[in-house]
Amino acid sequence: MGCEKIKELILHYSEGDLNQSDKLEFEKHLKECKECNIYFEQSHKVWNLLDNWHTVQTKNDFIPRFWDRVTTEDKKKVNVFDFFRNLRVNLVSGGVGVIILILVVFLVNILVSHRENIVFTEEDRSDEELLIEFDRSITKETAESLEIYGPWDVREPQSNDEEIEENKGG
Amino acid sequence: MQTFVSLSRTMESDIELMLRAKTGDDSAFTELMRRHYKGVVNYVYRFTNDRANSEDLAQEVFLRVYRSVKRYNPQAKFSTWLYKIATNLCITEVKSRNKKQSVSLDEMQENTGDLGDSKSEDPSDLTFRREIGTAIFEALRSLPERERVAIILCKYQDLPYEEVAEVIGCTIGAVKTYVHRGRMKLIEKLKTYL
């Protein structure tokens, strides 16, 4: 066995993983090779040196603090769920409210426009009556003022052809 | 009768406690925490060398375990599962710390060491302990991730190779190789203390 192989087998030797022949060869090499012997010792020393890094002592309230943390986080979680649950309820109620509002506006609009039409028609009728009366009075006045030129021809208007024939005959 | 019940409760295995916790029994989870929290706090401490935050991180580990208790598979040993979660969290934390570099050297020195009665100790001993602690931490930190995890779990958490293999997700032989390689590297890095 070479030195590299021996270095690789240090852990296996320490763990008792080597078979009898390998174990004997390993031990023989360590006796003969100073470098490997030092390396083997250092391997154990470094492992023991790690014990000098002491453990930390924990506080006694670790477990109560843990449950406090769980409670706090659960509350937060519940609040988030509440928000979404409320959001859903709010969205539904808001939607219903908007639909109702639209319907109300629509109905009011229809009713108002219908009412406006009735008012317009009545006003229009009275206006029309006034206009007709005014027209009649104007017509009457005009006819009277034109009487100086002879009787007012009240015949129905004729077509151009009839007028031409009448003129020819006349 | 009460004594018998309490005795049988203390004899309950971690798996039995987890199965009870799975049904919503918080007292079972408290018992599990009582058994393992010191180990987890120290495990986190080996990764961060920051005693002030070790308990907070350990609480985070247990919180993750608590939240995922429903997914616990009784085939796996509880401690394996626990240290798997702790390892993932520690690696993430170390990576984020390396990025931020938020903890100054002074702050680190301040947070290094145990929470024991340091007033009653010899100041030179305390200084040496802090120095050696920081040296070991730095030496371990310089190792590749798997070697570091393998050494911490074997050396400080006393986990058998089989369990370490499960935590890391490799074979037992590979764990031994990681430990061996790490150990050889530590000889070089801690030569002055040997």
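The model shown is predicted, which means the values in this text are computed figures rather than measured ones.

**Some thoughts on the confidence of the model for chain B**
Residue and element names in this part refer to chain B. Per-residue pLDDT for chain B averages 85, and the proportion of residues at 70 or more is 83%. For chain B, the element scoring lowest by mean pLDDT is helix α1 (residues 2–11), at 50; helix α8 (residues 145–156) scores highest, at 96. The model gives residues 1–5 a pLDDT under 50, and that stretch makes 0 contacts with residues more than four places away or in other chains.

**Quick word on helix α2 (residues 20–32) of chain A**
Residue and element names in this part refer to chain A. Between its terminal C-alpha atoms α2 stretches 19 Å, which fits the 18 Å expected from 13 residues at 1.5 Å a residue. Within the sequence span of α2, burial applies to F26, H29 and L30. Angularly, the buried residues of α2 cover 100 degrees about the axis, an arc narrow enough to put them on a single face. Looking at α2, the residues exposed on the side facing more than 90 degrees away from the buried face are Q20, K28, K31 and E32. Packing partners of the buried residues in α2 comprise α1 (3–15) and α3 (34–49).

**A look at unusual backbone geometry**
Residues and elements named next belong to chain B. Of note in this structure, N49 is not a glycine but carries a positive phi near 55 degrees. Within the secondary structure, N49 is located in the loop between α3 (26–48) and α4 (51–67). When its relative accessible area of 0% is taken as the criterion, N49 is described as buried. Despite not being glycine, D158 has its phi angle at roughly 55 degrees, a positive value. For D158, the location among the structural elements is in the loop between α8 and α9 (161–168).

**Re the nonpolar core**
Within the largest apolar cluster, 82 residues are counted, with the highest numbers of intra-cluster contacts made by F66 of chain A together with F29, F62, L140, L186 and L190 of chain B. Considering each element in turn, this core owes the most residues, 11 residues, to α3 of chain B. Not counting residues up to four positions away in its chain, the partners in contact with L190 of chain B are V46, L49 and L50 of chain A together with A135, I136 and A139 of chain B.

**Here we look at the packing of α1 of chain A against α2 of chain A**
Helix packing geometry: the angle between the two helix axes and the distance between the axes. Residue and element names in this part refer to chain A. Here α1 crosses α2 at 120 degrees, and the two axes come no closer than 11 Å. Taken together, α1 and α2 sit at an angle that is classed as oblique. Of the two elements, α1 crosses α2, and the hand of that crossing is left-handed. Where α1 abuts α2, its residues C3, I6, L9, I10 and Y13 lie against K23, F26, E27, H29 and L30. Residues that form the contact of α1 with α2 fall into these classes: 7 nonpolar, 1 polar and 2 charged.

**Remarks on the packing of α3 of chain A against helix α10 (residues 172–189) of chain B**
Remark: α3 of chain A packs on α10 of chain B, axes separated minimally by 9 Å, with the N-to-C direction vectors making an angle of 95 degrees. Between α3 of chain A and α10 of chain B, the interaxial angle falls into the category roughly perpendicular. Of the residues in α10 of chain B, those in contact with Y39, Q42, S43, H44, V46 and W47 of chain A of α3 of chain A are V179, R183, M184, L186 and I187 of chain B. When its residues are assigned to classes, the contact of α3 of chain A with α10 of chain B shows 7 nonpolar, 3 polar and 1 charged.

**Points about the packing of aromatic side chains**
For the structure shown, the criterion picks out 18 aromatic pairs over all chains. Between Y43 of chain B and Y83 of chain B, the ring centres sit 5.2 Å apart and the planes meet at 90 degrees, which makes this aromatic pair edge-to-face. Of this pair, Y43 of chain B sits in helix α3 while Y83 of chain B sits in helix α5 (residues 78–100), and the two are 40 residues apart along the sequence. Residue Y43 of chain B is classed as buried on the basis of its relative accessible area of 0%. Y83 of chain B sits in the buried class, given a relative accessible area of 5%. Note on Y72 of chain B and W81 of chain B: the rings are 5.0 Å apart at their centroids and 55 degrees apart in plane angle, and the pair reads as tilted. With a relative accessible area of 2%, Y72 of chain B lands in the buried category. A connected cluster of aromatic rings, assembled from ring pairs, spans W53 of chain A together with Y45, F137 and Y156 of chain B. Sitting above the plane of the Y39 of chain A ring, K7 of chain A keeps its charged end 4.7 Å from the centroid. In this structure, R46 of chain B is placed above the aromatic ring of W53 of chain A, and the distance from its NZ or CZ to the ring centre is 4.8 Å.

Cut-off values and rules
Residues numbered from 1 in each chain as written. Chains lettered and ligands numbered in written order. Predicted model: local features only at pLDDT ≥ 70, side-chain atom pairs only at ≥ 80, totals over all residues. Heavy atoms only, no water. pLDDT = per-residue confidence, 0-100. Helix = DSSP H or I, 4+ residues; strand = E, 2+ residues; numbered from the N terminus. Contact = heavy atoms within 4.5 Å. Expected span 1.5 Å × (residues − 1). Buried < 20%, exposed > 50% of the residue type's maximum accessible area, 1.4 Å probe, protein only. Arc of directions from axis to C-beta. Core = buried A, V, L, I, M, F, W, Y, C linked by side-chain atoms within 4.5 Å. Axes fitted to C-alpha atoms, helices over the stretch in contact; angles between N-to-C directions. Parallel < 35°, antiparallel > 145°, perpendicular 65-115°, else oblique. Left-handed = near helix turned anticlockwise from the far one by under 90°. Nonpolar A, V, L, I, M, F, W, Y, C, P; charged D, E, K, R; others polar. Phe/Tyr/Trp six-rings, centres within 6.5 Å; stacked < 30°, edge-to-face > 60°. Lys NZ or Arg CZ within 6 Å of the ring centre and 35° of its normal.

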